[in-house]
There are 2 protein chains.
Amino acid sequence: MPSIGETSKRTGVKVPTIRYYEQIGLLPAPGRSAGNQRVYDAAMLERLAFIRHARDLGFPLSDIQDLLAMADDPDRSCAAADVIATRQLASVKARIARLTALQQELERMLTQCSHGTIADCRVIEVLGNHDLCTQDHTG
Amino acid sequence: MPSIGETSKRTGVKVPTIRYYEQIGLLPAPGRSAGNQRVYDAAMLERLAFIRHARDLGFPLSDIQDLLAMADDPDRSCAAADVIATRQLASVKARIARLTALQQELERMLTQCSHGTIADCRVIEVLGNHDLCTQDHTG
DNA sequence: CCTTGAACCTCTAGTGACTAGAGATCCTAT
DNA sequence: ATAGGATCTCTAGTCACTAGAGGTTCAAGG
């Protein structure tokens, strides 16, 4: 029965983060040793691995809460899980689009800079004057 | 001489955010009217527009602090500004790469889902078992 | 001149998802 | 028996805001 440190190593979730998940109710409170230290079983390790993976995929903890509740209830329709994943996909796509616009603007700023003094610096100038942008990177 | 509300409208920075920037020292304290209300001048509006634009481009406030200090000192070399912008560009590129991997994984999860019950749901299953991923989307 | 209501003021606390630190206790190996 | 690392609880800090309470000021209409 692994300690919190061992559990952390096996799942890749940091020790304080595991305690944090317990505190906010995402993980049930584990058993305790005679000396009051947390002891995790296999089901708990799986649950943590699930959380870790979903976090890696960018799901917010509130969504993970919902997904865990579904995983605990295998007979239900998975439509709700699809909704959450679809929403997450849309959010990821939106962020990519936005970041791509930023990337182009930053590259343009940097290639136009003649590396002289601040007075002639294209980086500073563009930041001060949005009209110099080609991309719409607002919003 | 615009009030904080007018300034907000002109720069697109929300009123509480303007006060917040003043509080953390990013914006100097403006003048006040007879009734103790903030009054902004043209230089202040420019400074706020600069901040707004840099935030849109994803710069953290600490970097913006540095960029503003440079903008105030036009004779200096712009090398430091280049360093900040280059760092920001690298960070944006890294985020795009990561998000693109996530996007592919999410799309794969969703296309494989047969829309039945949770027990057969590919979304839930993939989340519970990282070995089912093709992409390396960790880190 | 008076009133209404929007805009303004300060201050505190909450968000998400942790992270850091203090100070105490426990466990393992020598 | 002791040294050290790991664990415990608790509080506070991070980033960039956002929300709310409770009070004041300003501009317009009557």
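Right above here is the structure, for reference.
None of the values given here were measured: they were computed from a predicted structure.

So, how was this worked out
Residues numbered from 1 in each chain as written. Chains lettered and ligands numbered in written order. Predicted model: local features only at pLDDT ≥ 70, side-chain atom pairs only at ≥ 80, totals over all residues. Heavy atoms only, no water. Least-squares fit on C-alpha atoms with pLDDT ≥ 70 in both. Contact = heavy atoms within 4.5 Å. Near = heavy atom within 4 Å. Polar contact = N/O pair within 3.5 Å; in protein donor to acceptor, adjacent residues only side chain to side chain. Helix = DSSP H or I, 4+ residues; strand = E, 2+ residues; numbered from the N terminus. Nonpolar A, V, L, I, M, F, W, Y, C, P; charged D, E, K, R; others polar. Buried < 20%, exposed > 50% of the residue type's maximum accessible area, 1.4 Å probe, protein only.

*Asks:* Please set out the relation of the copies chain B and chain A residue by residue, giving values where relevant.
*Replies:* Mapping chain B onto chain A leaves a residual RMSD of 0.1 Å; the transformation is a rotation of 180° accompanied by 0.0 Å of translation along its axis. Here the symmetry operator amounts to a two-fold rotation axis. Distance from the rotation axis, computed per C-alpha, reaches its smallest value in chain B at I96(B): 2.8 Å. Take the interface residues of chain B: 98% of them recur as interface residues in chain A, which is what a same-surface contact looks like.

*Asks:* How would you summarise the protein's contact with DNA strand D if you had to cite specific residues and measurements?
*Replies:* Lining the immediate surroundings of DNA strand D are 18 residues, of which G5(A), R19(A), R38(A), Y20(B) and Y21(B) lie closest. The contact atoms of DNA strand D, taken as those within 4 Å of the protein, divide so that sugar and phosphate hold 88%. Residue R38(A) places a main-chain N or O atom 2.7 Å away from a phosphate oxygen belonging to DNA strand D. T17(B) is positioned with one of its side-chain polar atoms (N or O) 3.4 Å from a phosphate oxygen of DNA strand D. Put simply, the parts of the chain that give the surface near DNA strand D at least two residues each are α1 (4-11) of chain A together with α2 (15-23) of chain B. Tallying contributions element by element places α2(B) first for the surface near DNA strand D, with 3 residues. Taken together, the residues of the surface near DNA strand D sort by class into 5 nonpolar, 8 polar and 5 charged.

*Asks:* An account of unusual backbone geometry is requested, with residue identities and associated values reported.
*Replies:* Although it is not a glycine, H115(A) adopts a positive phi angle of roughly 60°. The residue H115(A) is located in the loop between α5 (79-112) and α6 (122-128) in this model. Overall, the relative accessible area of 55% leaves H115(A) in the exposed class. A positive phi is found at N36(B), a non-glycine position, where the angle reads about 70°. Turning to its location among the elements, N36(B) is positioned in the loop between β1 (31-32) and β2 (38-39). Look at N36(B) and you get exposed, because its relative accessible area is 52%.

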